Structure formats: C-alpha cells, structure tokens
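# Chain and residue survey
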Amino acid sequence: MGISRREFLKYTAASSAFMAMGVPFAMAAGKDQEVDRWVKGVCRFCGTGCGVMVGVKNKKVITVKGDPNNHNAGFLCLKGALMVPIIYAKERITQPLIRKNGKLTPASWDEAMELVVAKFKDAIAKYGVESVGYYGSGQALTEETYLASKIFKAGLKCNNVEGNPRLCMASAVGGYVTTFGKDEPCGSYDDIDAATCLFIIGSNTSECHPILFKRIAARKQADPNVKIIVVDPRRTNTARIADMHVTFKPGTDLAILNGMAHVIIQEELDDYRFHSKYVTFMDNSKQKRTFEDYVKFLEDYTPEKVEQLSGVPADTTRKMAKIFAESSATMSLWCMGINQRIRGVWANNLISNLHLLTGHIGKPGATPFSLTGQPNACGGVRDTGGLCHMLPAGRLIKKKAHRNEMEKLWGLPQDSLNPKPGLHTIAMWSALAEGKLKALLVLCTNPAQSLPNVNKYREGMSRKDNFIALIETFSDAETVKYADVVLPPAYWCEREGVFGCSERRYALVGKAIDPPGQCKPTVNILVDFALRMGVDPKLVPYKNSADVWKEWRAVARPTPYNFWGITRERLRRESGIRWPCPTEDHPGTRIRYVRGEDPNIPKDYKKKYFFYGKPDGRAVIWFRPYKGAAEEPDQAYPYVLTTGRVIDHWHTGTMTMKVPELRRSFPKAYVEVSTEDAKKMGISNGDNVLLETRRDKMVFQARVSDVCRPGLVFVPWFDAHLLINKLTKDAVDKGSKQPEFKICATKVKKA
Amino acid sequence: MAIAGLLVHTLPKDLEAVEAEIRRMPDMTTYGIHQNQYIVVVAEVPSDRMEKRVDAIQDIDGVLTIYTTYVTLEDEVPGS
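Residues numbered from 1 in each chain as written. Chains lettered and ligands numbered in written order. Predicted model: local features only at pLDDT ≥ 70, side-chain atom pairs only at ≥ 80, totals over all residues.

Now for the overall build of chain A. Helix and strand content of chain A: 27 helices and 29 strands. Here the C-alpha radius of gyration of chain A, 25 Å, is about what a compact globule of 751 residues would show, namely 27 Å. Projected onto its principal axes, the C-alpha coordinates of chain A cover approximately 70 × 70 × 60 Å. When the 751 residues of chain A are sorted by exposure, 62% land in the buried category. (Helix = DSSP H or I, 4+ residues; strand = E, 2+ residues; numbered from the N terminus. Rg over C-alpha atoms; globule rule 2.2 N^0.38 Å. Buried ≥ 20, exposed ≤ 12 C-beta atoms within 10 Å, placed from the backbone.)

A tally of regular secondary structure across chain B gives 2 helices and 4 strands. For chain B, the N- to C-terminal ordering of α and β elements is β-α-β-β-α-β. Taken over C-alpha atoms, the radius of gyration comes to 13 Å for chain B, in line with the 12 Å a tight globule of 80 residues would show. Considering only C-alpha atoms, chain B reaches an extent of 45 × 20 × 20 Å along its principal axes. Among the 80 residues that make up chain B, the fraction classed as buried is 46%. Nonlocal contacts in chain B, meaning residues at least 24 apart in sequence, comprise 64% of its contacts between residues at least 6 apart. (Contact = placed C-beta atoms within 7 Å.)

The interface is formed by 41 residues belonging to chain A together with 35 residues belonging to chain B. Looking at the side of chain A that touches chain B, the elements with two or more residues in it are helix H1 (5–21), strand S3 (60–66), helix H2 (78–81), helix H3 (84–87), helix H10 (210–222) and helix H26 (660–665) of chain A. No other element matches the 10 residues that H1 of chain A contributes to the side of chain A that touches chain B. Split by residue class, the side of chain A that touches chain B holds 24 nonpolar, 9 polar and 8 charged. Pairing geometry for S3 of chain A and strand S4 (residues 63–72) of chain B, over 3 bridges, is antiparallel. Across the sheet, the residue bridging to Lys65 of chain A is Tyr70 of chain B, located in S4 of chain B. (Nonpolar A, V, L, I, M, F, W, Y, C, P; charged D, E, K, R; others polar. Pairing = 2+ DSSP bridges.)

Residues and elements named next belong to chain A. Spatial ordering of the open sheet is given by S20-S21-S22, a layout of 3 strands whose pairing is antiparallel. The open sheet has two free edges, formed respectively by strand S20 (497–500) and strand S22 (577–578), since each of these has just one partner strand. Pairing analysis gives 4 bridges linking S20 to strand S21 (residues 505–509), with the strands arranged antiparallel. Paired with Val498 across the bridge in S21 is Leu508.

Here we come to H10 of chain A. Taking 1.5 Å per residue, 13 residues should reach 18 Å; H10 of chain A reaches 18 Å between its end C-alpha atoms and fits that length. Across the 13 residues of H10 of chain A, 10 count as buried, placing the element largely inside the fold. Those residues of H10 of chain A not exposed but buried are Pro210, Ile211, Leu212, Phe213, Lys214, Arg215, Ile216, Ala217, Arg219 and Lys220 of chain A. Of the surrounding secondary structure, the elements contacted by the buried residues of H10 of chain A are helix H8 (190–194), strand S8 (197–201), helix H9 (205–208) and strand S9 (227–231) of chain A together with strand S1 (2–10) and S4 of chain B. (Expected span 1.5 Å × (residues − 1).)

This brings us to the domain arrangement of chain A. Many descriptions give the size of an interface as the accessible area lost when the pieces come together. Each assigned domain of chain A is listed here: domain 1 (5–87), domain 2 (97–167 + 379–496 + 516–540), domain 3 (170–375) and domain 4 (639–728). Distance from the C-alpha centre of domain 1 of chain A to the C-alpha centre of domain 2 of chain A: 35 Å. (Domains from an automatic or database assignment.)

Residues and elements named next belong to chain A. Burial along strand S26 (residues 688–692) is one-sided: the residues Val689 and Leu691 are buried and none of Asn688, Leu690 and Glu692 is. Examined bridge by bridge, S26 and strand S27 (residues 697–705) share 5 bridges and lie antiparallel to one another. Looking at the pairing, Leu691 lines up with Met698 of S27. Count of turn residues in the S26/S27 antiparallel hairpin: 4 residues. As paired strands, S26 and strand S29 (residues 744–750) are joined by 4 bridges and run antiparallel to one another. Directly across from Glu692, in S29, lies its bridge partner Lys747.

To continue, consider the nonpolar core. In this structure, Met260 and Val713 of chain A together with Val8 of chain B are the most contacted members of the largest nonpolar core, which totals 273 residues. Contacts of Val713 of chain A, omitting those with residues within four sequence positions, involve Tyr639, Leu641, Val671, Glu672, Val673, Leu691, Cys708, Thr746 and Val748 of chain A. (Core = buried A, V, L, I, M, F, W, Y, C linked by C-beta atoms within 7 Å.)

Listed below in structure tokens is the structure:
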C-alpha cells in the first residue's frame, strides 16, 4: 500500500512527537526517504543545549528535528525547530567587507586580513598590547574561543580577552567559585526528574528554557506531591504551574534568601551533621566564622524584617523556607534575574547557602543549578577561560602556578605569559569609548545592541580613531554599522565543533552542509589572523576544529575539568557527554563532589562529600548582607524597568527575526504594564507609552496584564528598532563585573 | 505549506476537552492522548499562519505549553 508524500510527511511529524514521549509509533508505510541524511547537532539558541538532527537533501538543510538520544529526548521548542530559514537568510554575508568612504564594500580575504593585521600591528607598535583586544561569544564554538584566547594570551601576550558571557553568567561563575572553589554546576538536568521541590528564582524558564520547563511540568504532573515555588516579581507563564508564586519588590531577593535561611535554622530544619562536616562559615571579609555567628548574622533577616524590605508576607517566607527544607530533595534553578545584578555573586552564594544549610546537595534531585542563556557560554567561554582574568580549565591569570602550568602546556618559556588580567567587558568597551583601546576583534556577538546603556558604547564604536574587525554572519546585526572590516564565517552546521550546555554536557555540532560564498570556518580565520600577526606557527598548528579539540582535551586533563575521555570519535557517536569524564569508557558525571559519582574523588576517600575546589575540602556558607539595586526608583523616576526575553525570540533577534513565523509572533518590542498602574495612568492595551530613564527615552506600545506587579514594567530586548538597552544601566557587580540589566529606575507615562 | 509535529502539554483534567477542541480545527490532526498529559498533533498550515494556529491551541483552557518536535519547510528552501 502506497501513501502520498504529504501523508508520509504527516506520519514523520507524528512519529517525531511519539518518539519524544518514548512511545513506539508504527509508520503505515514508506521509509525514511525524506532526506538524504541526518546530521547530529545542537540547537543554536539557548543554554539548554537541545540535541537536534539536521535533515539534508540535495546539499541543503531542509528540516530540523529533536535528537531523541540527547537530554531533550527529541523535543524542541518552536524556535529550535524553525532554524532552517536562518541558514538561507538573504542577509547572509558571503564575502569579506571593508569600509571605504563610510560604506562596506566587497574585498578579497587577503585584502581584508591584511588590513585587520596592519591595524592591530600599528596599535601594538604605538600603544602596546593593551591597546588591542578580542570580544567573543557564548555562541562561538568551544574550539573557536579556546583558540582566540590562546592567540591573544599566549601569542600576543594580551589579556584583553572577553566575551558576552560576562553579560549573562559571570555572577554564576563568581557564585560557584566562591562557594565551591570551582565553576559549573554540581548537578545536572537529571535532578529535575528526581526533585520533590523545585525552587525557581529569577528565571522565566517557560519562555527562556522551554524544554526544561517541559521537564519540570512533567515532573509535577508525574507526582502531584512535587512542590514548585516560583520567586519572581513577574507572574510569568512559569508561575502557572507553581504551588507558590512569590512576588517581591525588585532587588530585595538577597533579604528574602537570608530570611529563608533564618527560618530554616529557627525551625531546626537545617542539617547540622552535614554543615558541621562539610561547610565553612565565612563573612564578607573572608574571615572564618562559626555557625553561631551565622545565626547572629541572620537576626537581621527575620521574616518580619524581610517583609518590610521586600513586601513578601512573613508567613510566605516561612512557608517557602519550610517547603524548601522539608522536601526530600530540593533543586534550585535560577538565571538572569539573579545574575544580572550588582550583587549577583552574592545572590548566587545565598542560594547555595540554602542547599549547604539543609544538605540538599549531591543527591539525586538535590542541587543548586544555574541556567545559562547561550548555547556555549559554559563549554566555550567559562571552561576554556575565554575571559580577561582566566586561563583554560579554571586556571587564573593572577596565579603564577597556573600561568606556569599553561606555559608548559603551550610550549612557552616560563614566566612569559602576561600576569596582569585584561579589561572586563564594560571596561573594554569603556576603553574603546575613551580612545584607549585602538583595535578590537569581535566574534559572533552583537554588542551594539546587547550592551547596557548602549548609547555610550555605540558612540565609542563610532570613533574614527579605533578599528573594529567583526566576524559576523548577518549584515543587519547592529554592530555591523560600526565595523571597519567584516569577515564572513561559516554558520552553525556549516562547520563542525563543540557546544557545552548548562549541565556540563559537551556535544558535537556536526557539519551538514558547505558554507555559502567565501565564508570560512572561524578556526581557519583565527589561525590566518595569528600567522599574519607573526604568532609562532607552533602555537597554532591547526587545520580544523578537531585539531583544537585534541589540544584542549590535553590542557584540561590535569584539572578537575578532565574530559580526556570525550574524544571526537565519541562525540560523533553519542549525543553529548557530561564532564568530568577522564577515560573513554567513563559514562560522564551526573553529580560532582560526591564519592562514587565524581571521578575526581578517589573511591576510597574517607568522606562521602569532597568539595575539592577549596583547600579544606569544605564548601562555604557566606554571610552576604542585603544590598539593593544600583538605581532604586525615586520620586523623579518612580518605576522599575526590567528586561528579558520572549519565547519566540532569542537575544538580539538577529536570527529569530529572520523566521517569518517567529517575527510575526512578536514583530516588535512592547512594554508590559500592570493592570493597576495602567488604570492609574489611563493606559489601555496598544496605547503608546513613554519610558524615560536617566540614559534615554523611548515609546513602546502597551500590553496591560497582571504579569508585572504594580511599580514594575517589562520590555523584551530582541528588537533592534526599539533598543531597550539605550535605557538600561551599566552598573556592574564588583566581583563578577556583570551589569545590572534587570533593574533601573524609569518614568512611565501615556505618550 | 508547513507540516509540524506538536506535543500539546495539558493539565490532566482538561485533556479530553482540549483534544476535542483541537480535533475540530480543520488544519490539525490529533493522534490521541498519551501519558495522561500529552496530545499528539500534526499541523498542516500555510507557513504564514503557523504561529497564529499554534497560538489558537495555546489559548485553549488547560493547555500548559506546546512543544514542536518536527517542522518541514521543504517547499520553502531554495534548491531543495
């Protein structure tokens, strides 16, 4: 019996849904004739890192479906499933461009590269290596970031190596490193399936990590006893499945988290045996303190005092703390609402405090777990050390022993690496604005839209006395307006390389098709740049990203990141493996810091837990006091402006706005106003509303709803034509240097 | 015309009503209720209406969210 092609495609669509549920589905007829081949990859968007299968026919990508063998079990969100049109967008840059008389004009690779190198060499000759830099991305491949960082730090002795992960997860890094001594989560996505309490704070998981939200919702439905607490000033879609949605005055979450710790101790719900054995108590001046000191510190955070600060009823704090502590396994999940704050590191610490206090750590379902915004911020930038203060695999520039170890691994003379950390992101773009930074190489990111208080930095990019070389896929990215040279890279599945997602999972993005025109893999562009700059060829002996991966494995091997067992061949076979993974027969690691789970801990280690990132093997409970936002609302600017994502767009919309279905779903940014505030100001749905902060002002159409609490307005940041980052503030966390995108003061009035 | 595989994640108490409502939509084919929380749906929708049709399902009471497991836009990829 034959079936029509249309029927066949329908069966294929249905079978993918059944496969996602793990249910067998018998096809009525036909075979897998739809595509010539399927190539395994990873979604290009958020940090969930969903596995995808890219369908190729006649050397073109025609479809994308979920990989049933990866953690997403075949599921994709709508934007993940609609990536195909982006590959073939008319805005693809397919040849190098040089700005001449103000216009970007086509050039040869040789001409463009010679110009880039001449400008970099000239800047270094006149102003020293500190006048140049590299600004990368959590969307670049791991191999690309490792290589760029190596070229600048080892080849040019320049530590001005940064990337956009500074804007999204630097506070999570700071939190993990100060609490546990090592970056990256202790647990994994598997914990969602075993948790009996999910504590979600500062994360709109439903819209920003839809496939994880699915897993959370499925967990709740599988066991109605599972409790979900959502702490967010907005009543987002995530809050729809929550047992408790706790709204609060923006910027007071540190007080709330300390208040929960206070209740846990007062109700004797803390795990004294655990924290007395595995925890060090430490105050803000890094002095060791006692548990009793901690109890005293928390006296300032009784639920009643917290209510005064945050607006959260005292009984709600008590109830929340009790659910958190009394559950058999609590998992916390957080994202930008916690990280993009001037005390983001402290907020991260305070979440981990609750886990260390209650012993909800290192058991299935019990873990603190930060979600990440980009597909390769973790694996690409955090792990390879693609930031100005870092070296690969958790090593630090300021530590001589770490520099010396890297010098040995990279074949450099001892003490030859530059010991001075470079400029962090905001300092780097400020230096460009001030004329101190003369030449910058930017890879796979769109800072002219994504930086906070962006007018200031766009002015800097416009200066005539600096030079910006951009490796960029799309001609309509805002930053292209400011580039002196644009180099066209192979995009996503047009070259091979590794992405590392939020759960320490490294997975291969396979090459499915050739890149168009003159586009080249970024690894080859970077090697070309290095050689033309006069970097020792022995430092960059790579033909492709697989060569870089081989070296990166060796560089990480002596550290607790050890993923020596994640070979290229294995990545091609398997749908992602979680590090540490020391040998080729190791299955990867679900839970860190626990004997029997974490291969870094000897099997005969005398204790069950070992926080080996700390010299005494103990994690830290920090005394972090309440600290509000950098710019609180006042009489002149009485509202709080917060920004974020919508489900159908990702980051600056450079990719998702090219998908007709997604563009039509959210064609432009809007301002979300609470029903109560709208009534007060006479604002109706669709009215023009003026937002004015101390940086700039802009008009948006209103969406009136009960999502925002009164006093708060929300604007998504995907829209280049309504660029909300002109209004946001660029104050940074003093530890992580991450900006406070989430809170600034604004005026709101009907326009 | 796009074809998409969708899993409609639904509150258990509303499953049958949601499934019945989707079945009434001429451009949707349902493939049953599964695991007491999912409805398998295949959408055959002109691509310029896809998001509106998905939104129409999202707006049904009891629908938590919709997951896309497959989309083919074969007709729209040049040269395929």
